[in-house]
Amino acid sequence: MLFRSGYINQTDIPKDQNLRLQITAAMRLQLALITLTEAGHLPLDGSDWRLRVMQDFAEGENHDWAKAALADLYNWFECFADIYQEQFRAPIVDWSSDGIAIENLLLHRADEEIIASEHTVITTAAIQKLPLEGGRAFLSDPNAKPTPINLKNIPETCSSTALERLNRLVFGHESFKPGQLELLQNIFTGGNSLGLMPTGAGKSLTFQFPNLLCPGTTVVIVPIKALGRDHTAELEQYGFCGRSVNIDSSTSPEERELNYEKIRRGCFRFVFVSPERFQMEDFKSVIKTIAASGNLNFFGVDEAHCLSEWGHDFRPSYLTLPSTLKTLGPTTPVICVTATAAVNTLKDLQTEFNISDEMISYEMHRGRPELTFGVKHTKAVMGDLIKLVQISMAAFPSADANTPPGLIFSPYVNGETGALAIITELALKLPQLRIALFTGKKPQETDTTDLVGFFRSAAEHITNYEDYKVEVQRRWKRGEIDLVVATKAFGMGVNKANVRFTIHAGMPSSMEAFYQEAGRAGRDGSPA
């Protein structure tokens, strides 16, 4: 928020160490002010405040960074007051030498001298515990859990203006997209809900946003690893660093156990897992624990159509998912979202999750007018594919001279028109492109180090294919890859706004799969 207020120019941070210290001090000051407010030392009854803020990284007191931090904090107070329909008057602050003294020590660790201090002191955490004397010195509880807020406490008539303000503060969106607000209002009633929206319509926001109003954890079920990683990376960009986690089969046992413990302690706001994770007793035990403590806010089922379309074939864990969620969190609302639910799939979801008609937000009547579709009849797949890539790239020239990003999908990993054959031909015929491969399983007779070479730039030594895919996704999101050749393992949900074209080198498994994969393009609303 300090960035958006104009107080800080983000490009100045790497070259200005003092600015880094100011940002850190501002965040710590805000936490201290909240603590003092909760303790009753700073009333919110309309009284004015008298403050004296000092720091150890600069001379003087009551600097501009402290005033900017307070103004930003007031903005958040006003936002939540509007949502909960409460009155809030920002206290007028008298910045004086005899006000409540807050000393922000960024360059010193806590020691025994703090106990003798008459100030409120903020320090870098100490390894050792301090003696508690006189009740004046204390350490923050590292295992503190959030205080649950019942959905019933959110006013049913909560104004859209107040919710849009929170959306703008956290996610930077000026307004909700069609269908988002309707689905959110359904969610706030506390029942199970379903959102059917086109690709690129912002479905993920509908299970992210409610958790802003209810401290605790939302557990989201995703069908593919790439989608869980993508959600986690995007949440980190929005400021949820260390507060969201993706747990999949590539997570080491040590890291998995550490994450489970953090979930129990309420450290994560968002947890992304596959449906198979709910077949494991150790994970189910974790979910039971947070449900019993009141810290389990929601279950989210992303790409919910997979429950009906995949559960009967090769993902049986989807078939047992509704009953498992009901057992683990009997009163926990379930949020289902998808862009490709046929009539039978919709009926399955309603039946399995007990979703009434009025709890469905339907926006599938909205098309994707920015997308243009075409079909190419060919007897020379590889040759025509290369030409089509060149034509597509020429059709969308970039203002910054970068190559417009694209995706090529193949239903196969190996074979004459499989993903491996395609990327090999692209590397030979279009060597100037930065290209990558993304398939569920490693292609046969493939050296991962050769694939890394297709990045066309320096990269760390990667020999494991799973590590390679993580690097591909990271580079793709950061604009360091021009073209990804993929199977359906990369076809759902992965969000990159400026993809200008998708090409299918073979017939997708279903119309729904085609819609999902083609929908990766044009998510910024520009022609694709």
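Placed above this text is the structure.
All values reported here derive from a predicted model rather than from experimental measurement. (Residues numbered from 1 in each chain as written. Predicted model: local features only at pLDDT ≥ 70, side-chain atom pairs only at ≥ 80, totals over all residues. Heavy atoms only, no water.)

Student: How should I be thinking about the overall build of the chain in this particular structure?
Tutor: Each helix and strand counted, the chain has 18 helices and 15 strands in total. Contacts in the chain between residues at least 24 apart in sequence constitute 71% of all its contacts with a sequence separation of at least 6. Element-wise, carbon and sulfur atoms account for 52% of the exposed surface of the chain, whose accessible area totals about 25,500 Å². (Helix = DSSP H or I, 4+ residues; strand = E, 2+ residues; numbered from the N terminus. Contact = heavy atoms within 4.5 Å. Areas by Shrake-Rupley, 256 points an atom, 1.4 Å probe, with all protein chains shown as cover.)

Student: Got a minute to help me understand the pairing of strand S5 (residues 193-196) in this structure?
Tutor: The side chains of a regular strand alternate, first on one face of the sheet and then on the other. Side-chain alternation along S5 places Ser193 and Gly195 on one buried face and Leu194 and Leu196 on a second face that is also buried. By the bridge criterion, four bridges tie S5 to strand S10 (residues 334-338) in an arrangement that is parallel. Each residue of the ladder has a partner; that of Leu194, found in S10, is Cys336. Taken together, the three bridges between S5 and strand S11 (residues 360-362) define a ladder with parallel strand orientation. Its bridge partner being in S11, Leu196 is matched across the sheet by Tyr362. (Buried < 20%, exposed > 50% of the residue type's maximum accessible area, 1.4 Å probe, protein only. Pairing = 2+ DSSP bridges.)

Student: Sorry if this is basic, but what is going on with helix H12 (residues 317-328) here?
Tutor: Along an α-helix, residues three or four positions apart point the same way, because every turn accommodates 3.6 residues. Taken together, the buried positions of H12 are occupied by Ser317, Tyr318, Leu321, Pro322, Thr324, Leu325 and Leu328. Lining the buried residues of H12 we find strand S6 (217-221), helix H10 (281-292), strand S9 (296-302), helix H11 (306-309), S10 and helix H13 (343-353).

Student: I keep staring at the side chain of Thr487 and nothing clicks. Help me out?
Tutor: Note that Thr487 resides in the loop between strand S14 (483-486) and strand S15 (501-504). The contacts of Thr487, once residues within four sequence positions are left out, are Phe409, Ser410, Tyr412, Val413, Ala419, Phe438, Thr439 and Gly440.

Student: Is there a simple way to think about the sheet that holds S14 in this case?
Tutor: Pairing between the strands of a sheet is mediated by backbone hydrogen bonds and can be parallel or antiparallel. The strand order S13-S14-S12-S15 describes an open sheet built from four strands, whose pairing is parallel. Among the strands making up the open sheet, the edge pair consists of strand S13 (435-438) and S15. Here the strands of the sheet are splayed against their neighbours by 20° on average, with no regard to which way each runs. As paired strands, strand S12 (residues 406-409) and S14 are joined by four bridges and run parallel to one another. Its bridge partner being in S14, Leu407 is matched across the sheet by Val484. Taken strand by strand, helix H17 (residues 465-477) contacts S12, S13 and S14, and its axis lies near 130° from that of S13. (Axes fitted to C-alpha atoms, helices over the stretch in contact; angles between N-to-C directions.)

Student: Any chance you could explain the packing of helix H2 (residues 64-83) against helix H4 (residues 160-171) here in plain terms?
Tutor: When two helices pack together, you describe them by how their axes are tilted relative to each other and by the distance separating the axes. Following both chains from N to C, one finds H2 and H4 inclined at 145°, their axes separated by 8 Å at the closest point. Our pair here, H2 against H4, has a crossing hand that is left-handed. Of H4, the residues touching H2 (which contributes Asn75, Trp76, Glu78, Cys79, Phe80, Asp82 and Ile83) are Ala162, Leu163, Arg165, Leu166, Leu169 and Val170. A class-by-class count of the residues in the contact of H2 with H4 yields nine nonpolar, one polar and three charged. (Left-handed = near helix turned anticlockwise from the far one by under 90°. Nonpolar A, V, L, I, M, F, W, Y, C, P; charged D, E, K, R; others polar.)

Student: Is there a simple way to explain H2 in this structure?
Tutor: The first and last C-alpha atoms of H2 sit 29 Å apart over 20 residues, in line with the 28 Å expected at 1.5 Å per residue. For H2, every residue scored as buried is listed here: Trp65, Ala66, Ala68, Ala69, Leu70, Asp72, Leu73, Tyr74, Asn75, Cys79, Ala81 and Ile83. Contact partners of the buried residues in H2: helix H1 (17-38), strand S1 (49-55), strand S2 (93-95), strand S3 (100-109), H4 and helix H7 (210-213). The positive-phi residue at the C-terminal boundary of H2 is Gln85, with phi of around 55°. (Expected span 1.5 Å × (residues − 1).)

Student: What exactly am I supposed to notice about the packing of aromatic side chains here?
Tutor: The geometry of an aromatic ring pair comes down to the distance between the two centres and the angle between the two planes. Under the defined criterion, the tally for this structure stands at 13 aromatic pairs. Centroid distance Phe77 to Phe88: 5.6 Å. Interplanar angle 80°. Geometry classified as edge-to-face. Of this pair, Phe77 sits in helix H2 while Phe88 sits in the loop between H2 and S2, and the two are eleven residues apart along the sequence. For the ring pair Phe373 and Phe514, a centre distance of 6.0 Å and an interplane angle of 50° mean the geometry is tilted. With a gap of 141 residues between them, Phe373 in the loop between S11 and helix H14 (381-395) and Phe514 in helix H18 (residues 511-518) connect regions that are remote in the sequence. What makes Phe373 exposed here is its relative accessible area of 55%. (Phe/Tyr/Trp six-rings, centres within 6.5 Å; stacked < 30°, edge-to-face > 60°.)

Student: What exactly am I supposed to notice about the pattern of salt bridges here?
Tutor: Pairs may arise between side chains of opposite charge once their charged atoms sit close together. Counted by the stated rule, this structure contains 22 salt bridges. With its nearest N and O atoms 3.1 Å apart, the salt bridge here joins Lys284 to Glu281. On the criterion of helical spacing, the pair formed by Lys284 and Glu281 is a turn pair, its members being three residues apart in helix H10. Take Lys284: its relative accessible area is 19%, and that puts it in the buried class. We classify Glu281 as exposed; its relative accessible area is 53%. Lys429 serves as the salt-bridge partner of Glu425, at 2.8 Å between the closest nitrogen and oxygen. In this pair, Glu425 and Lys429 both sit in helix H15 (residues 419-429), four residues apart, roughly one turn of the helix. (Salt bridge = Lys/Arg side-chain N within 4 Å of Asp/Glu carboxyl O.)

Student: What's the story with the packing of helix H8 (residues 225-237) against H17 in this structure? I'm lost.
Tutor: The interhelical angle for the contact between H8 and H17, taken along N-to-C directions, is 45°, at an axis separation of 11 Å. In terms of their interaxial angle, H8 and H17 are classed as oblique. When you trace H8 past H17, the crossing you get is right-handed. Listed contacts from H17 to Lys225, Ala226, Arg229, Asp230 and Glu234 of H8 are Glu466, Lys469, Val470, Gln473 and Lys477. For the contact of H8 with H17, a count of residues per class yields two nonpolar, one polar and seven charged. (Parallel < 35°, antiparallel > 145°, perpendicular 65-115°, else oblique.)

Student: I tried to follow the nonpolar core on my own but got confused; where do I start?
Tutor: One broad rule of soluble globular proteins: the nonpolar side chains tend to lie buried together. Counting 71 residues, the largest nonpolar core has Phe209 and Phe278 as the members making the most contacts within it. It is H4 that contributes the most residues to this core, six residues altogether. Once you skip the residues sitting within four places of it in the chain, Phe209 turns out to touch Leu163, Leu166, Asn167, Phe171, Phe176, Leu184 and Phe188. Phe409, Leu426, Tyr468 and Phe490 belong to the second largest nonpolar core, which has 45 residues in total. (Core = buried A, V, L, I, M, F, W, Y, C linked by side-chain atoms within 4.5 Å.)

Student: Would you mind going over unusual backbone geometry with me for this structure?
Tutor: One can expect most non-glycine residues to show negative phi and most peptide bonds to be in trans. Residues other than glycine seldom take positive phi values, yet Gln85 does so here, at roughly 55°. Turning to its location among the elements, Gln85 is positioned in the loop between H2 and S2. Of note in the backbone geometry, Glu445 takes a positive phi value of approximately 50° without being a glycine. You can see Glu445 is positioned in the loop between S13 and helix H16 (448-453).

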